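The lines below spell out each chain.
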Amino acid sequence: MRRKYMFTGKVELKSAMHIGGKKINLRGTDRPVVLTPEGSPFIPGSSFKGVFRSTVEKLVGTIPNQTTCSLVEGICPTATQEKFNNRRRNGNWSEGHLAQILDAELCATCKLFGSPFSASKIFFSDLYVNEWSETTQVRDGVAIDRDSERAVDKLKYDYEVVPIGSTFKMEIVLENPTDTDLSLACIGLNEFVSGMGGIGGMRSRGLGNCQVVDLMGYELDMTDLDQLKNYLIGKELKCKMSAINDVDGFLKERIEELFKEKENAQATS
Ligand SMILES: [Zn+2]
């Protein structure tokens, strides 16, 4: 490992949230939320990664020189897996050649978030509750008949939500990101900091609006021997990694970087 970044903060719910849990539950609701064994709500890191990835994917395709296979079926091997595997078999590629091809053809979001061909460079911890009212809420849901626009009696159900205002502790780590990887992660962070992000199900009912608050950033360059030493000796995060003083300025700078000339886009890997 050469370069590492960590971002911490809190995800604050701006509306109630529903992330579905096990169907069998003692709370007697049709659609329970996911809870820890102790009964506290949490946001699985995989759920947060999913929405973070799709938030970035929606925007990346609009940036010049950036690609994402979720929008256009380009040449990204993830979007053309069968074709790609055939080429790989027929070409009898060495590991080194495969790595070169993947570097050239994988889209920007597959490189950052991972694909069937490459590991993720960004990691999301499960988000455990920081503050909440210690109780979930159950709401009535009614299925509406599309033709008559009237409620369908038999299709009544209820669902559980985590109340508005609850906060969850967030931790995101990037390992050996390229400059482009880091910039794309900053696009996602900036969306969530601006309150444009969302989490969980039933979003069309206005659930799952959220905002990242108290964002802090830390960086570590292990090729710098002083930083490496501090990392190895330090016990607490603030001793192990250097805090980014102006994290908002950092996000802005990293995003602006994507709009500069292409030459430094793939500088480090
Ligand atoms: Zn892709």
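The paragraphs below set out a description of the structure included in this document. (Residues numbered from 1 in each chain as written. Predicted model: local features only at pLDDT ≥ 70, side-chain atom pairs only at ≥ 80, totals over all residues.)

### Section: the overall build of the protein
No. 1: The helix and strand inventory of the protein stands at eight helices and nine strands.
No. 2: Residues counted as buried form 29% of the 269 residues belonging to the protein. (Helix = DSSP H or I, 4+ residues; strand = E, 2+ residues; numbered from the N terminus. Buried ≥ 20, exposed ≤ 12 C-beta atoms within 10 Å, placed from the backbone.)

### Remarks on helix α1 (residues 45-60)
No. 1: The end-to-end C-alpha distance of α1 is 22 Å, a good match for the 22 Å that 16 residues give at a rise of 1.5 Å each.
No. 2: Where α1 is concerned, the buried positions are F48, V51, F52, R53, V56, E57 and V60. (Expected span 1.5 Å × (residues − 1).)

### Regarding the pairing of strand β4 (residues 127-131)
Two faces make up the sheet, and in a regular strand the side chains alternate between them.
No. 1: Of the strand pairs in this sheet, strand β2 (residues 42-43) and β4 are connected by two bridges, and their pairing is antiparallel. Paired with I43 across the two strands is L127, which belongs to β4.
No. 2: One ladder, built from two bridges, connects β4 with strand β7 (residues 167-175); its direction is antiparallel. Bridging from a neighbouring strand, E131 pairs with T167 of β7. (Pairing = 2+ DSSP bridges.)

### Observations concerning the environment of S115
No. 1: Examined against the element boundaries, S115 turns out to sit in the loop between α4 (108-113) and β3 (122-124).
No. 2: The class for S115 is buried, based on 20 C-beta atoms found within 10 Å.
No. 3: When the C-alpha positions of S115 and A79 are compared, they lie 9.9 Å apart, and in sequence the two are 36 residues distant.

### Overview of unusual backbone geometry
Negative phi characterises most residues that are not glycine, and trans characterises most peptide bonds.
No. 1: In this model, E134 sits at a positive phi of 65°, which is unusual for a non-glycine residue.
No. 2: Looking at where E134 falls in the secondary structure, it is placed in the loop between β4 and β5 (137-144).
No. 3: Backbone geometry places M202, a non-glycine residue, at a positive phi of 55°.
No. 4: The topology assignment puts M202 in the loop between α5 (179-193) and β8 (210-221).

### Some remarks on the packing of α5 against helix α8 (residues 247-257)
No. 1: The N-to-C vectors of α5 and α8 enclose an angle of 125°; their axes lie 8 Å apart at closest approach. Classified by the angle their axes make, α5 and α8 are oblique. Two packed elements cross with a definite hand, and for α5 against α8 that hand is left-handed. Residues D179, L182, S183, C186, I187, L189 and N190 of α5 form the contact with α8, whose participating residues are L251, R254, I255 and E257.
No. 2: Looking at the contact of α5 with α8 residue by residue, the class counts come to six nonpolar, two polar and three charged. (Axes fitted to C-alpha atoms, helices over the stretch in contact; angles between N-to-C directions. Parallel < 35°, antiparallel > 145°, perpendicular 65-115°, else oblique. Left-handed = near helix turned anticlockwise from the far one by under 90°. Contact = placed C-beta atoms within 7 Å. Nonpolar A, V, L, I, M, F, W, Y, C, P; charged D, E, K, R; others polar.)

### Describing the pairing of strand β1 (residues 3-13)
No. 1: Pairing geometry for β1 and β8, over 10 bridges, is antiparallel. From the neighbouring strand, E12 faces β8, where its bridge partner is Q211.

### Quick notes on the environment of G165
No. 1: On the secondary structure map, G165 appears in the loop between β6 (151-161) and β7.
No. 2: On the basis of neighbour count, G165 is assigned to the partly exposed category, with 13 C-beta atoms found within 10 Å.
No. 3: G165 sits 149 residues away from A16 along the chain, and the two C-alpha atoms are 7.9 Å apart.

Just distances and angles here, no functional claims.
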